[in-house]
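# Residue-level structure breakdown
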Amino acid sequence: MLTSAELINLVLSYDKDANTDLIKKAYVFAMEAHGSQKRASGFPYFTHPVEVSKILAEMRMDVPTVVTGLLHDVLEDTNTSYEEIVEIFGAEIAFLVDGVTKLSKINFASTTSRRAENFKKFLVAMAQDIRVLVVKLVDRLHNIRTLHYIDSVDKQKRIAAETLDIYAPLAERIGMRRIKNEIEDIAFYNLHPEEYQTIAVKLEEIKKRDADFIPNTMRELEQLFKDSPIPARISGREKEIYSIWRKMQKRNVSLNQIYDIMAFRVIVDTVEQCYESLGLIHTNFRIMPGRFKDYISIPKLNNYRSLHTTVVGPFNQPIEIQIRTEEMHRIAEDGVAAHWLYKSDNVSTDVNDSKNFGWLKGLLTTVKNSDNPEEVLANSKLEMFDDEVFCFTETGDLKTLPKGATAIDFAYSIHTDVGDHCIGVQINTKMVPLWTPLRNGDRIKVLTSPYQHPDSSWINFATTGKARACVKKYIHTQEKSEFLTLGRELAKYAFKTAALAFDEDAIQYKKFRCSSLQSFYQNFGRGLISFVSFQKTLVDEFILPAIAGDAEICMIDFIPGIAVHLAECCHPIIGDKIVGVIQKDKGLVVHSLLCPHLSEHTDRVLLKMTWNQDNDQSGSFTTVIRILTTNDKDSFALITNIISSNGASITNLRIEERSMLFFTLLIEIKVTDTFHLGEILAALRACSHVKSVHRD
Ligand code: MN
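Residues numbered from 1 in each chain as written. Predicted model: local features only at pLDDT ≥ 70, side-chain atom pairs only at ≥ 80, totals over all residues. Heavy atoms only, no water.

### Some remarks on a nonpolar patch on the surface
Among the surface-exposed residues, Tyr82, Val86 and Phe95 lie close enough to one another that they form a single nonpolar patch of about 220 Å² accessible area. For phenylalanine 95, the position within the fold is in helix 7 (residues 91-105). (Patch = residues over 30% accessible without salt bridge, like charges linked within 9 Å, V, L, I, M, F, W, Y side chains within 5 Å. Areas by Shrake-Rupley, 256 points an atom, 1.4 Å probe, with all protein chains shown as cover. Salt bridge = Lys/Arg side-chain N within 4 Å of Asp/Glu carboxyl O. Helix = DSSP H or I, 4+ residues; strand = E, 2+ residues; numbered from the N terminus.)

### A short note on the pattern of salt bridges
Note that side chains of opposite charge can pair when their charged atoms are close. Taken as a whole and judged by the stated rule, the model has 27 salt bridges. Glutamate 58 serves as the salt-bridge partner of lysine 54, at 3.9 Å between the closest nitrogen and oxygen. Highlighted residues: lysine 54 and glutamate 58, both in helix 3 (residues 47-58), separated by four residues, approximately one helical turn. On the basis of relative accessibility, which here comes to 23%, the residue lysine 54 falls in the partly exposed class. The exposure class assigned to glutamate 58 is partly exposed, which follows from its relative accessible area of 43%. Of the charged contacts in the structure, one is a salt bridge between glutamate 489 and lysine 492, with a shortest N-O distance of 3.5 Å. Of the two residues, glutamate 489 and lysine 492 are both situated in helix 22 (residues 465-497); the distance of three residues between them amounts to about one turn of the helix. Overlapping salt bridges, with partners in common, bring together Arg177, Arg178, Arg330, Glu333 and Asp334 in one network. (Buried < 20%, exposed > 50% of the residue type's maximum accessible area, 1.4 Å probe, protein only.)

### Here's the deal with the coordination of the manganese ion
Around the manganese ion, the protein contributes the donor atoms His48 (NE2), His72 (NE2), Asp73 (OD) and Asp139 (OD), at 2.2 to 2.4 Å from the metal centre. Every donor residue of the manganese ion comes from the same chain, spaced as H-x23-H-D-x65-D. Of this pair, histidine 48 sits in helix 3 while histidine 72 is found in the loop between helix 4 (63-71) and helix 5 (74-77), placing the two residues 24 residues apart along the sequence. There is no split in this pair, since histidine 48 and histidine 72 are both buried. (Donors = N, O, S within 2.8 Å, 3.2 Å for Na, K, Ca; no water.)

### Brief notes about the packing of aromatic side chains
We describe a pair of aromatic rings using the distance from one ring centre to the other and the angle between the two ring planes. Tallied over the entire structure, the rule returns 21 aromatic pairs. Ring centres of phenylalanine 29 and phenylalanine 89 lie 5.6 Å apart, and the angle between their planes is 85 degrees; on these two criteria the pair is classed as edge-to-face. In this pair, phenylalanine 29 sits in helix 2 (residues 20-34) while phenylalanine 89 sits in helix 6 (residues 82-89), placing the two residues 60 residues apart along the sequence. Given the relative accessible area of 16%, phenylalanine 29 is considered buried. Measuring from ring centre to ring centre gives 6.0 Å for phenylalanine 188 and tyrosine 196, while their planes differ by 55 degrees; the resulting arrangement is tilted. Here a set of aromatic residues connected by ring pairs shows up, and it is made of Tyr493, Phe495, Phe502, Phe512, Phe520, Tyr521, Phe524, Phe531 and Phe534. Sitting over the face of the ring of tyrosine 45, arginine 39 holds its NZ or CZ atom 5.7 Å from the ring centroid. Positioned above the aromatic ring of tryptophan 435, the side-chain terminus of lysine 670 is 5.5 Å from the ring centre. (Phe/Tyr/Trp six-rings, centres within 6.5 Å; stacked < 30°, edge-to-face > 60°. Lys NZ or Arg CZ within 6 Å of the ring centre and 35° of its normal.)

### Here's the deal with the sheet that holds strand 14 (residues 578-583)
Strand order in the open sheet made by the five strands is 12-16-14-15-13, with mixed pairing throughout. Each end of this open sheet is capped by a strand with a single partner; those strands are strand 12 (553-554) and strand 13 (564-566). Across two bridges, the pairing between strand 12 and strand 16 (residues 606-610) is parallel. The partner of cysteine 554 across the bridge, within strand 16, is threonine 610. (Pairing = 2+ DSSP bridges.)

### Observations regarding the sheet that holds strand 20 (residues 690-695)
Judged by pairing direction, the sheet is antiparallel, and its four strands sit side by side in the order 18-19-17-20 without closing on themselves. Two strands bound the open sheet, and with one partner strand each, they are strand 18 (649-658) and strand 20. Across the sheet, the mean angle from the axis of one strand to that of its neighbour is 20 degrees, orientation sign disregarded. As judged from the five bridges shared by strand 17 (residues 621-630) and strand 20, these two strands associate in the antiparallel manner. Looking at strand 20, one finds that isoleucine 627 is bridged to valine 693. Of the strands in this sheet, strand 17, strand 18, strand 19 (662-671) and strand 20 are in contact with helix 25 (residues 635-645), which crosses strand 19 at around 20 degrees. (Axes fitted to C-alpha atoms, helices over the stretch in contact; angles between N-to-C directions. Contact = heavy atoms within 4.5 Å.)

### Notes on helix 10 (residues 153-173)
Here helix 10 spans 29 Å end to end across 21 residues, near enough to the 30 Å set by a 1.5 Å rise per residue. At threonine 163, helix 10 shows its largest bend, some 40 degrees. The N-terminus of helix 10 is capped by serine 152, whose side-chain oxygen sits 3.3 Å from the backbone nitrogen of aspartate 154. Downstream of helix 10 by one or two residues, glycine 175 has phi in the positive range, about 80 degrees. (Expected span 1.5 Å × (residues − 1). Bend = angle between axes of the 7 residues up to and from the residue. Polar contact = N/O pair within 3.5 Å; in protein donor to acceptor, adjacent residues only side chain to side chain.)

### Remarks on the nonpolar core
Burial of nonpolar side chains together is a common tendency in soluble globular proteins. In this structure, Leu71, Phe520 and Phe534 are the most contacted members of the largest nonpolar core, which totals 157 residues. A total of nine residues in this core trace back to one element, the largest contributor, which is helix 9 (residues 130-145). Aside from chain neighbours lying at most four places away, what touches phenylalanine 520 is Ile507, Tyr509, Phe512, Cys514, Ile529 and Phe534. By size, the runner-up hydrophobic cluster in this structure holds 26 residues, among which are Cys422, Phe461, Ala462 and Ala467. (Core = buried A, V, L, I, M, F, W, Y, C linked by side-chain atoms within 4.5 Å.)

### Digging into the packing of helix 10 against helix 11 (residues 177-191)
The contact between helix 10 and helix 11 brings their axes to 9 Å, and the two run at 155 degrees. Between helix 10 and helix 11, the angle falls in the class roughly antiparallel. Pair helix 10 / helix 11 crosses with left-handed handedness. Where helix 10 approaches helix 11, its residues Gln156, Lys157, Ala160, Ala161, Thr163, Leu164, Tyr167, Ala168, Ala171 and Glu172 are matched on the opposing element by Lys180, Ile183, Glu184, Ala187, Asn190 and Leu191. Grouping the constituent residues of the contact of helix 10 with helix 11 by class yields nine nonpolar, three polar and four charged. (Parallel < 35°, antiparallel > 145°, perpendicular 65-115°, else oblique. Left-handed = near helix turned anticlockwise from the far one by under 90°. Nonpolar A, V, L, I, M, F, W, Y, C, P; charged D, E, K, R; others polar.)

### Digging into unusual backbone geometry
Of note, arginine 60 is a non-glycine position whose phi angle comes to about 60 degrees, a positive value. According to the relative accessible area criterion, arginine 60 is partly exposed, its value standing at 36%. Here the phi dihedral of asparagine 428 falls at roughly 45 degrees; this positive angle occurs in a residue that is not glycine. Along the chain, asparagine 428 falls in the loop between strand 9 (422-427) and strand 10 (430-432). For asparagine 428, a relative accessible area of 42% gives the class partly exposed.

The structure is reproduced here in structure tokens:
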């Protein structure tokens, strides 16, 4: 057990002006108050508050919080009165101790009507000063660390269940991940010892089998950064057993490979270096599409900030990498508790701050105003969970969706027809793209049109089983009719290039071993029948024009991604001049007329195509821009900021070459059309750090 002097030294190590007398006084006071009381472990009771205050000091909390750690059980378990604490330690500490005591008295296992009432008291106590909750969570951490000393298995399980149910989600909500992970793992071990053991054994097996993987990968990453101008610290992190188990449950996957259990971390000094590190990693390793997440631009609700990416690592295994600064790291580990160290704007501890604690006030208001406390309790408890998101329909009905669900998932959760005909979504009265992730408390209005149909691109951001199934089903039925329509368009085109009027009866489909005109169209659309050989059946000696006069195929008739695809080499966007190339089994691939890869298709017919200019495909075109910029520390941040403030999202980023003075950045962005792209290019050119910029 820590002595009073040791505790004081610990606090002095981060706060040289700390009021040491106050700590000494509290230490002695708590020791005398608890007297000869014993813990279930047989140790003196006093060891518990000392341990709690030690953990708080290790988290570098302020003196009142450390003192509250020492005193947190004297009101409940000894003869000490509230007035006595006010007199000796002042109103602030008395308030905190009283708050923790109120939380401790709450028994979530009581009868149903009492339980909701208790939950309300719990929220009221915690909603006044977030330090009350910090102390309570540390108290729970130490209690659950010593859970095995408790004789009654029932009591052990009750405490473990309550920890998973209430405390772990609360810890997550205020960003105290380190504590959350530890209390979850211990609670999980107590509730499901067999599952815990199975995963633990499997983890050991994998680690033994791939013993060299972690140190070798770390060495490669360290070397990569050593050869770059970015000062970085690399570490490897093993995921927690409970979080692995949750992932296995949720995605229904088994635990097989080392990368399931490891994440690598790059810690740098500045935000700019975070993006530079990302560029460096993406330049040297192949990225896994769809796994890049920028929590620096858009922090999580609990202030978590980091860049996440998954790449194929040096040993051809996918590796997950998190990139962050030292401050982001502390906040990621300790959440609000990191505030007292950094006094940072990035973490707020003011419970009246609606951005950070709106959820708490909202929860409280709902609980207070409700006639049916039991139902509210069920909903509010869930609301604290990390893996669910709660939204409302425009008429105020509550919808529960898995976390990460997007606006399109919401539309499908109302009704299949609503999803299928969804043309747009308003969240809190603002129009948002269909891929917008939902947040707790969003009020959502879905706009529909009988003329709208699912878009194959929806599959990229539909996350719920229902939405994905509906979109896939539609794509499947649509495929047939899309290929049929395309085949018919191609036939018309062929007639026109031969200067003939379109005449379906003249199509000799039997020559192509098709039983009907319909099946001929489908095969023609799929590229299974050569365009030239079909033309030859129309005219004997046919001389092919490069691009035939006014014949053209309009994009309006097609859903990109089914029978008609946008080429990934040149990423054509609305406004570009475009041509189509028929590709076997795929249909028509649309290239920009300027695409350098077109020359590879000299044996193919280039079909002239036009866009449907009225079709609103807002933000759905991917394109790559190449930027030559000065090698300054703020270039990265400036450029990414210009792009996002012009309404485009960044989907990938890579550094191509780097010298002392300049470097070339390749940024993949999503834009609406050529006009939108032009605006972004112009804004970038106006930036003094940018030497040149153009579409790649
Ligand atoms: Mn306690």
